Amino acid sequence: MQTSPYALPFERYRELLDQEYAALSGLVQPTLDRPVPACPGWNGEDLVRHTAIVFLQKAETIRTGTRPSHGWPPVSVGSLPPLPLLEHCYTRLVEEFDAHPTSDPAETWVPEDQTVGFWVRRLAHETAIHRVDLEQAAGRSVTPLDPALVIDGIDEVLTVMLGRGRPDTAASGDVARLETGGHSWNVRLAPQRATVQRDAEVDGLAALACDPEQLFLWLWGRAPAPGVVPAAAAELRSRLARAL
């Protein structure tokens, strides 16, 4: 796993993954034809099928060490109804997780972390976010996320997910400062690549400070802006939206 001071033990990620999956699967049937607010043009069935294929692709990546390409996804999976498909793909995923040490090789987009452990962490967060999506589709209040997972999730979206984005020639080069839960992140919005500094000095920067879960969900586009957002933080959110 990429070094992070907020990372959880892998056993805890697996526990949380199972919990979030159970909650997500319980929301499938009530939301199949409901629009998903955070995913314009998708209903619950679209999101469930997407999540299932992500699970299956990562299971195959871990099984072989390399992301599948040709003939993917298998045509046969389209014939399964949404919930059985999700159950099948999740079973395949956790079988691979539990059959491999987290240090085993598996392709990722982060050059310095090509391990199974990367996917254990990544899919714990992915599943939690999509559980939130289905709760919002159902018109329910969001069930609180695990507090430690939230802090780690803020770090992960900034240090892992943001890096998926393309260079931005219009980037300001400014620094967005985020503060929550006794922690902070300074994100320099350089054109080629945004870089992150943890727990840096304020140094006169305008900070976006709010509740950890609110910040996490806002960064993922699942919550409204937490009050007045400094210009650099708004730029960061726009750049993240293109990367996620």
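Because the structure is a prediction, the values reported are computed rather than measured.

### Observations concerning the packing of helix α6 (residues 147–161) against helix α7 (residues 212–219)
For step 1, the next point in the chain: Put simply, α6 and α7 touch, their axes get as near as 9 Å, and they point 30° apart. Here α6 is positioned roughly parallel relative to α7, judged by the angle of their axes. In the packing of α6 onto α7, the handedness of the crossing is left-handed. Facing Val150, Ile151, Gly153, Ile154, Val157 and Leu158 of α6, the residues of α7 in contact are Pro212, Glu213, Leu215, Phe216 and Leu219.

### Regarding the packing of helix α5 (residues 116–137) against α6
For step 1, the next point in the chain: Two elements in contact, α5 and α6, have axes whose closest approach is 11 Å; the angle formed by their N-to-C orientations is 110°. Considering the angle they form, α5 stands roughly perpendicular to α6. The interaxial crossing formed by α5 with α6 has left-handed handedness. Contacts from Phe118, Arg121, Arg122, Ala124, His125 and Ala128 of α5 reach α6 at Leu149, Asp152, Gly153, Asp155, Glu156, Val160 and Met161.
For step 2, the next point in the chain: The residue inventory of the contact of α5 with α6, partitioned by class, reads six nonpolar, two polar and five charged.

### What about unusual backbone geometry?
For step 1, the next point in the chain: Its identity as a non-glycine residue notwithstanding, Asp199 has a phi of 50°, on the positive side.
For step 2, the next point in the chain: Structurally, Asp199 can be placed in the loop between β3 (194–198) and β4 (207–209).
For step 3, the next point in the chain: A relative accessible area of 43% means that Asp199 is categorised as partly exposed.
For step 4, the next point in the chain: In this model, Asp203 sits at a positive phi of 55°, which is unusual for a non-glycine residue.
For step 5, the next point in the chain: By secondary structure assignment, the location of Asp203 is in the loop between β3 and β4.

### Looking at the pairing of β3
For step 1, the next point in the chain: As judged from the five bridges shared by strand β2 (residues 183–189) and β3, these two strands associate in the antiparallel manner. Along β3, the bridge assignment pairs Leu189 with Ala194.

### Examining helix α3 (residues 44–64)
For step 1, the next point in the chain: Here α3 spans 30 Å end to end across 21 residues, near enough to the 30 Å set by a 1.5 Å rise per residue.
For step 2, the next point in the chain: For α3, the N-terminal capping position is held by Asn43, with its side-chain oxygen 3.1 Å away from the main-chain nitrogen of Glu45.
For step 3, the next point in the chain: Positive backbone phi, at 90°, marks Gly65, one or two positions downstream of α3.

### A word on the nonpolar core
For step 1, the next point in the chain: Residues Phe97, Leu158, Leu219 and Leu236 are the most contacted members of the largest nonpolar core, which totals 70 residues.
For step 2, the next point in the chain: With eleven residues, the single largest contributor to this core is α5.
For step 3, the next point in the chain: With residues up to four places along the chain from it excluded, the contact list for Leu236 reads Leu158, Leu162, Ala176, Leu178, Val187, Leu189 and Leu219.

### Considerations on helix α4 (residues 82–99)
For step 1, the next point in the chain: Along its 18 residues, α4 runs 26 Å from first to last C-alpha, staying within 8% of the 26 Å computed at 1.5 Å per residue.
For step 2, the next point in the chain: Among all positions in α4, only Pro82, Leu83, Leu85, Leu86, Cys89, Tyr90, Leu93, Val94, Glu96 and Phe97 are buried. Seen from one end, α4 has its buried residues packed into an arc of 155°, which puts them on one side. Relative to its buried face, α4 has exposed residues pointing more than 90 degrees away, namely Asp98 and Ala99.
For step 3, the next point in the chain: Each element contacted by the buried residues of α4 is listed here: α1 (10–25), α2 (28–31), α3 and α5.

### Quick look at the pattern of salt bridges
For step 1, the next point in the chain: In the structure shown here, the tally under the stated rule is 17 salt bridges.
For step 2, the next point in the chain: With its nearest N and O atoms 3.0 Å apart, the salt bridge here joins Asp146 to Arg12. Taken together, the positions of Asp146 in the loop between α5 and α6 and Arg12 in helix α1 put the pair 134 residues apart, joining distant regions of the chain.
For step 3, the next point in the chain: Given a relative accessible area of 18%, Asp146 falls into the buried group.
For step 4, the next point in the chain: Note on Arg12: relative accessible area 27%, which makes it partly exposed.
For step 5, the next point in the chain: For Asp168, the salt bridge is made with Arg242, and the minimal N-O distance between the two is 3.0 Å. With Asp168 in the loop between α6 and β1 (175–180) and Arg242 in helix α8 (residues 231–243), this residue pair connects regions lying 74 residues apart in the sequence.

### Side note on the environment of Val160
For step 1, the next point in the chain: With respect to the helices, strands and loops of the structure, Val160 is situated in helix α6.
For step 2, the next point in the chain: A sequence separation of 133 residues divides Val160 from Leu27, and the C-alpha atoms of the two residues are 28 Å apart.

### Focus: the environment of Gln136
For step 1, the next point in the chain: When you line up the elements, Gln136 lands in helix α5.
For step 2, the next point in the chain: With 117 residues separating them along the chain, Gln136 and Gln19 place their C-alpha atoms 18 Å apart.
For step 3, the next point in the chain: Not counting residues within four places of it along the chain, the set of residues in contact with Gln136 comprises Pro37, Val142 and Arg222.

Reading the values: the criteria
- Residues numbered from 1 in each chain as written.
- Predicted model: local features only at pLDDT ≥ 70, side-chain atom pairs only at ≥ 80, totals over all residues.
- Heavy atoms only, no water.
- Axes fitted to C-alpha atoms, helices over the stretch in contact; angles between N-to-C directions.
- Helix = DSSP H or I, 4+ residues; strand = E, 2+ residues; numbered from the N terminus.
- Parallel < 35°, antiparallel > 145°, perpendicular 65-115°, else oblique.
- Left-handed = near helix turned anticlockwise from the far one by under 90°.
- Contact = heavy atoms within 4.5 Å.
- Nonpolar A, V, L, I, M, F, W, Y, C, P; charged D, E, K, R; others polar.
- Buried < 20%, exposed > 50% of the residue type's maximum accessible area, 1.4 Å probe, protein only.
- Pairing = 2+ DSSP bridges.
- Expected span 1.5 Å × (residues − 1).
- Polar contact = N/O pair within 3.5 Å; in protein donor to acceptor, adjacent residues only side chain to side chain.
- Core = buried A, V, L, I, M, F, W, Y, C linked by side-chain atoms within 4.5 Å.
- Arc of directions from axis to C-beta.
- Salt bridge = Lys/Arg side-chain N within 4 Å of Asp/Glu carboxyl O.

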